[in-house]
Amino acid sequence: MTTLLLRHAQVLVTMDELRREIAGGGMYARDGVIEVVGTDEALPATADTVIDASGQVVLPGLVNTHHHFYQTLTRTLPAAQDASLFGWLQALYPVWARLTPEMLHVSTQVALAELMMSGCTTVADHHYIYPNGCRLDDCIDAARTVGLRFHASRGAMSVGQSAGGLPPDEVVEREEAILADTERLILRHHDAARYAMQRIVVAPCSPFSVSTGLMRDAAALARRHGVHLHTHLAENDSDIAYTRERFDCTPAEYAEQLGWLGPDVWHAHCVKLDAAGIAAFARSGTGVSHCPGSNMRLGSGIAPVRAMRDAGVPVSLAVDGSASNDSGHLLAEARLALLLQRVGFGAGAIGAREVLEIATRGGARVLGRDDIGVLAPGMAADVVGFPVDGLAQAGAHDPVAALLFCEPPAVRTSVVGGRVRVRDGEPQTLDLPRLLERHRRQAATLVA
């Protein structure tokens, strides 16, 4: 058995049912599970691993519910810098068609490193393009070396341009092959147990890149195996127009017709989700990944997070792909979520603590997990500490709010399942200089 003691936090934010914030707080865990949360006086005096969290705000590990790891290789490409969603995709599809397994492996590690250093301990990635022998296994193998909890989404595209879809024909797959590979991945890699480090998600890419038949069959496959479903939905005006023209309904209506609503489903973006769609999501417990940075960068709009939350829709936070956001800093994304809702709906629309709740408890709920997102006995020992004793927070009177109102810092401490992943601001599972050099070479090869 191994034990871990974290103590002396300036403030420990539990996100428990009472939303307790403990000054001078800490936690004690055994074999990756929290046993005690409280003030330093309430904790055991020793442990196998002891972390001094002085000068830090300690939180449950942040949860990122939507990403495209491979896009770290194609940040800021000039042809896509000023395009909206469909033009952006059309500029990048031919580049992504040259992906290799090595590119997929190294981009996964870089994306996870960036998330880890910004406070993420659990991440869902949506990978939907498989040229040149690429498999989702490449992402899964790379993720194991980093040590974050990983929900690997087996995405897919099956409707190419010749059939009225958006992607080029050379990057789509046969639907029978998609379903067979998805089932293979579930049987080989999915762990349904509490505290699981790895799960599989069934995730056809979008209404404009897969058929209605694949959407229905994917939902049936997921429910047969008890795994979650994920896709893009209602991201911008072009997305809405495509769904109306091709299916004669709104995206939310389309999802409902195909069985894509329920507590085992979450959709990325939902910027253009209308009042009826919000009501349907709330009624069914369907989740949303809010991706403010990507939505701003592509000019998609402002997701109605305030209305969703008020209606009871489960909302989580995500950075989205690193070629539509160009950043994978999850705490910085939380800051954008705070500010963007205020731009759209007024200065009182949302507060810092509610956004941090979305990024922790909210993500856990959307991913269907009851073991993360809260610091309490019986929960996974997934905990992060952000420094609030630096220049950017000088003069801040509320250290918790300072995480978002001031410049978001990188983590000083990260623990996943009781194992230290970042100590004193240094990653413990990766050689970053070597990784970045590999990534630079692969990025240059991809776009050459």
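A quick note: this is a predicted structure, and the numbers were derived from the prediction, not measured. The residue numbers shown here count from 1 along each chain, following its written sequence. Only residues with pLDDT of at least 70 get local features here, since the model is predicted, and only at 80 or more are side-chain atom pairs given and counted; chain-wide, interface and lining totals rely on the full set of residues. Excluded from the side-chain calculations are hydrogens and water; all other atoms, namely the structure's heavy atoms, are used.

### A word on the overall build of the protein chain
A run of H or I in DSSP counts as a helix once it spans at least four residues, and a run of E counts as a strand once it spans at least two, with each numbered from the N terminus. Looking only at helices and strands, the protein chain has 14 helices and 17 strands in total. Computation of the radius of gyration draws on C-alpha atoms alone. For the globule rule, the value is 2.2 Å times the number of residues to the power 0.38. For the protein chain, the C-alpha radius of gyration of 21 Å lies close to 22 Å, the compact-globule estimate for 448 residues. With respect to the principal axes defined by its C-alpha atoms, the protein chain has extents near 65 × 45 × 45 Å. Counting every position in the protein chain, which comprises 448 residues, the buried fraction comes to 61%. A sequence separation of at least 24 residues applies to 75% of the contacts in the protein chain between residues at least 6 apart. As presented, the protein chain carries roughly 15,800 Å² of accessible surface, and 51% of it is formed by carbon and sulfur atoms. Positive and negative charge centroids in the protein chain, built from 39 and 50 side chains respectively, lie 2 Å apart. Here's how the labels work: a residue is buried when its accessible area is under 20% of the maximum for its type, exposed when over 50%, partly exposed in between, all with a 1.4 Å probe on protein chains only. Any two residues having at least one pair of non-hydrogen atoms within 4.5 Å are treated as being in contact. What sets the accessible areas is the Shrake-Rupley method with a 1.4 Å probe; for residues, cover comes only from the shown protein chains. Counting rule applied: Lys, Arg positive; Asp, Glu negative; His and chain ends not counted. Working definition for charges: the position is that of NZ of Lys, CZ of Arg, CG of Asp or CD of Glu.

### Examining a nonpolar patch on the surface
On the surface, a nonpolar cluster with roughly 270 Å² of combined accessible area is contributed by Ile302, Val343 and Phe345. Positionally, Phe345 belongs in helix α11 (residues 330-345). Patch rule: a residue counts if its relative accessible area is over 30% and it has no salt bridge; like charges are joined within 9 Å, and nonpolar side chains (Val, Leu, Ile, Met, Phe, Trp, Tyr) within 5 Å. Only one rule defines a salt bridge in this text: a Lys or Arg side-chain nitrogen within 4 Å of an Asp or Glu carboxyl oxygen.

### Quick notes on the confidence of the model for the protein chain
Do not read the predicted coordinates in detail wherever pLDDT is low. Of all residues in the protein chain, 100% attain a pLDDT of 70 or more, and the chain-wide mean is 97. When the elements of the protein chain are averaged for pLDDT, helix α6 (residues 237-247) gives the smallest value, 92, and strand β6 (residues 62-64) the largest, 99. Scored from 0 to 100, pLDDT reflects the predictor's confidence in each residue.

### Digging into the side chain of Arg149
Among the secondary structure elements, Arg149 is positioned in strand β8 (residues 149-156). Accessibility expressed as a relative area gives 2% for Arg149, which makes it buried. The definition of a polar contact used here is a pair of N or O atoms within 3.5 Å, where within protein one atom must be able to donate a hydrogen and the other to accept one, and adjacent residues in sequence count solely through side-chain atom pairs. A distance of 3.3 Å separates the side chain of Arg149 from the backbone oxygen of Ala196, its partner in a polar contact. What Arg149 contacts, discounting residues up to four positions off in sequence, is Thr121, Thr122, Val123, Tyr195, Ala196, Met197, Arg369, Ile372, Ala380, Asp382, Val416 and Gly417.

### Things to note about the nonpolar core
Take the buried residues of types Ala, Val, Leu, Ile, Met, Phe, Trp, Tyr and Cys, join any two whose side-chain atoms come within 4.5 Å, and each joined set is a nonpolar core. Grouped together as the largest cluster of nonpolar side chains are 117 residues, with contacts concentrated most on Leu59, Trp88, Leu89, Trp96, Leu99, Trp260 and Phe281. Of all the elements, helix α2 (residues 101-117) adds the most residues to this core, at 10 residues. Apart from residues no more than four positions distant in its own chain, Trp88 is found in contact with Gln71, Ala80, Ala83, Trp96, Arg297, Leu298, Ala323 and Ser324. Formed by 20 residues, the second largest nonpolar core is a distinct cluster that contains Met27, Leu375, Val383 and Val415.

### Description of the packing of aromatic side chains
Centre distance within 6.5 Å is the pairing criterion for rings of Phe, Tyr and Trp, where only the six-membered ring of Trp is used; planes under 30 degrees apart are then read as stacked, over 60 as edge-to-face, and the remainder as tilted. In the structure shown here, the tally under the stated rule is 9 aromatic pairs. Measuring from ring centre to ring centre gives 5.7 Å for Phe69 and Phe150, while their planes differ by 25 degrees; the resulting arrangement is stacked. Here Phe69, found in the loop between β6 and α1 (85-96), pairs with Phe150, found in strand β8; they are 81 residues apart in sequence, far enough to count as distant. The pair Phe69 / Phe150 is uniform in exposure class, with both members buried. When the centroid spacing of 5.6 Å and the interplanar angle of 70 degrees are considered together, the rings of Trp88 and Trp96 count as edge-to-face. Given the relative accessible area of 3%, Trp88 is considered buried. Ring pairs connect the aromatic residues Tyr70, Trp88, Tyr93, Trp96 and Tyr128, which therefore count as one cluster. When the ring centre of Tyr130 is taken as reference, the NZ or CZ atom of Arg154 above it lies at 4.2 Å. In this scheme, Lys NZ or Arg CZ marks a charge over a ring once it lies within 6 Å of the ring centre and within 35 degrees of the ring normal.

### Section: the pairing of strand β9 (residues 198-204)
When you tally the buried positions in β9, you get 7 out of 7 residues, the bulk of the element. DSSP calls a pair of strands paired once it identifies at least 2 bridges connecting them. Relative to β9, β8 is paired through 7 bridges, and the arrangement is parallel. Paired with Arg154 across the bridge in β9 is Val202. With helix α4 (residues 175-189) bridging β8 and the parallel β9, this β-α-β connection has right-handed handedness. Note on handedness: a clockwise path from strand one over the helix to strand two, with the strands aimed away from the viewer, defines a right-handed crossover.

### A short note on helix α12 (residues 352-366)
Spanning 15 residues, α12 covers 20 Å between terminal C-alpha atoms, matching the ideal 21 Å at 1.5 Å per step. Think of it this way: the bend at a residue is just the angle between two axes, each fitted to seven residues, one set ending at that residue and the other starting at it. Remark: the principal bend of α12, roughly 35 degrees, maps to Ile358. With 12 of 15 residues buried, α12 is to be regarded as a mostly interior element. Here α12 has its buried residues at Ala352, Glu354, Val355, Leu356, Glu357, Ile358, Ala359, Thr360, Gly362, Gly363, Ala364 and Val366. Positioned one or two residues after α12, Gly368 has a phi angle of 75 degrees, which is positive. To estimate how far a helix should reach, multiply one less than its number of residues by 1.5 Å.

### Some thoughts on the pattern of salt bridges
Under the criterion given, the structure shown has 31 salt bridges. In this structure, Arg144 engages Asp141 in a salt bridge whose closest nitrogen and oxygen atoms are separated by 3.0 Å. Of the two residues, Arg144 and Asp141 are both situated in helix α3 (residues 136-146); the distance of 3 residues between them amounts to about one turn of the helix. Between Glu176 and Arg174 there is a salt bridge, with the nearest N and O atoms lying 3.7 Å from each other. Since its relative accessible area comes to 57%, Arg174 is described here as exposed. Here the salt bridges do not stand alone but share partners, grouping Arg135, Asp137, Arg154, Glu173, Asp181, Arg184 and Arg188 into one network.

### Considerations on α3
Note that an α-helix has 3.6 residues per turn; residues three or four places apart therefore point the same way. Of all 11 residues making up α3, 8 are buried, and the element is well covered by its neighbours. Turning to α3, its buried residues are Leu136, Asp137, Asp138, Cys139, Ile140, Ala142, Ala143 and Val146. At its buried positions, α3 is contacted by α2, β7 (120-127), β8, α4, β9 and β16 (419-423). Phi turns positive one or two residues past the end of α3, at Gly147, with a value near 100 degrees.

### Quick notes on the side chain of Ser118
Mapped onto the secondary structure, Ser118 falls in the loop between α2 and β7. According to the relative accessible area criterion, Ser118 is buried, its value standing at 0%. A distance of 3.2 Å separates the side chain of Ser118 from the backbone oxygen of Glu114, its partner in a polar contact. There is a polar contact of 3.0 Å between the side chain of Ser118 and the backbone oxygen of Leu115. Excluding residues within four positions of it along the chain, Ser118 makes contact with Leu62, Gly328, His329, Leu330, Leu331, Phe386 and Val411.

### Thoughts on the pairing of strand β12 (residues 287-290)
The two faces of β12 match: Gly287 and Ser289 on one face and Val288 and His290 on the other face are all buried. Two elements, strand β11 (residues 265-269) and β12, share 3 bridges in a ladder whose sense is parallel. Across the sheet, the residue bridging to Trp266 is Gly287, located in β12. Taken together, β11, helix α8 (residues 275-284) and β12 form a β-α-β motif whose crossover is right-handed. Inspection of the sheet shows β12 paired to strand β13 (residues 315-317) by 3 bridges, in the parallel sense. Residue pairing across strands places His290 opposite Leu317, the latter belonging to β13.

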